[in-house]
Amino acid sequence: MRRQCELLGITRSTVYYERKQPDEEVQKLKEAIMARIDYWHTALPCMGSRKIAKKLCDDGYVVGRKLVRTYMREMGIHAVYPKPNLSKCNFKEAIVPYLLRNKPILFPNQAWSIDITYIKMQRGHMYLTAIIDWFSRKIMGWELSDTLETAPVLDAVRTAVERFGAPAILNSDQGSQFTDKDYKLLLKSLKIRQSMDGKSRWADNIMIERWFRSLKTELIYVNEFRSPRELRRAIRQYIGDYNTLRPHQALGYETPEVVYNGCFALNSAGLDRTPLAC
């Protein structure tokens, strides 16, 4: 066995180890803990792993800070307070400046925001990528996936641009999906200027964060979705109602759809959109 492993260039331990499938009860407990972490993070985003662990213990879960921290990393969520720079050496090369500080937003498609959030289900979880227009608060595109990979982000951007045209600026946080080479190349090919939140400045992308909070408190936390198909159908309905039926105080009690379309003149073919003075 030793000689065979030497010839194949593998370690002997991998030959004997047989990976075990996670116990169903253990997996259910993990999903319940992750759902509760997401709840507390949405309610109090400034809490770190220590405080969330305390909240979970109060909720009846026997967990420690290390386990909570591990799950938070797996979910892709972080407490919103200044942290030391623990990035890799080449990470700074992928960061671009924040382009929206003190910039007046005067018309639709001038600036969009994109982000990813954890979505709980009855069994398991998904990740939602969503894009919002800063001027009208309209949700321009979204994609649901079971991973935190870059592909769903690219699909969400392509779909939004195909339907509504390319924005001048697309802002995001400094997540790995948005520093990915494929994401940067896509924005460059679409002639979109990429913008990123400043270091530890979670409020720079507050527009989409607020919408995620509304989605979770109004739809996700009050329902138990049994399948991705059921979840996808509910999110599609919520976004449709949000865009077309729900008035916003910040928009003079108009809906995002009315504000967005009211600032464009359609040509005779109904394809090109030319901004008007809003």
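Below: a short report on this structure.

Calculation criteria
Residues numbered from 1 in each chain as written. Predicted model: local features only at pLDDT ≥ 70, side-chain atom pairs only at ≥ 80, totals over all residues. Heavy atoms only, no water. Helix = DSSP H or I, 4+ residues; strand = E, 2+ residues; numbered from the N terminus. Buried < 20%, exposed > 50% of the residue type's maximum accessible area, 1.4 Å probe, protein only. Contact = heavy atoms within 4.5 Å. Areas by Shrake-Rupley, 256 points an atom, 1.4 Å probe, with all protein chains shown as cover. Expected span 1.5 Å × (residues − 1).

### Points about the overall build of the protein chain
Part 1 of the reasoning: When helices and strands are tallied, the protein chain shows 11 helices and seven strands.
Part 2 of the reasoning: The buried share of the protein chain, reckoned over its 278 residues, is 42%.
Part 3 of the reasoning: A sequence separation of at least 24 residues applies to 62% of the contacts in the protein chain between residues at least 6 apart.
Part 4 of the reasoning: When the accessible surface of the protein chain is totalled, it reaches about 16400 Å², and 52% of it is carbon and sulfur.

### Here's the deal with helix α3 (residues 24–43)
At 3.6 residues per turn, the α-helix brings residues three or four places apart onto the same side.
Part 1 of the reasoning: For α3, built from 20 residues, the straight-helix expectation of 28 Å at 1.5 Å per residue is met to within 8% by its first-to-last C-alpha distance of 29 Å.
Part 2 of the reasoning: Residues of α3 that are buried include every one of Lys-30, Glu-31, Ile-33, Met-34, Ala-35, Ile-37, Asp-38, Trp-40, His-41 and Thr-42, and no others.
Part 3 of the reasoning: Close packing links the buried residues of α3 with α4 (49–58), α5 (65–75), β1 (111–120), β2 (125–133) and α9 (206–220).

### Re the side chain of Asp-115
Part 1 of the reasoning: Tracing the backbone through its elements, the reader meets Asp-115 in strand β1.
Part 2 of the reasoning: When sequence neighbours within four positions are dropped, the list of residues in contact with Asp-115 reads Leu-128, Thr-129, Ala-130, Asp-173, Phe-178, Asn-205, Ile-208, Glu-209 and Phe-212.

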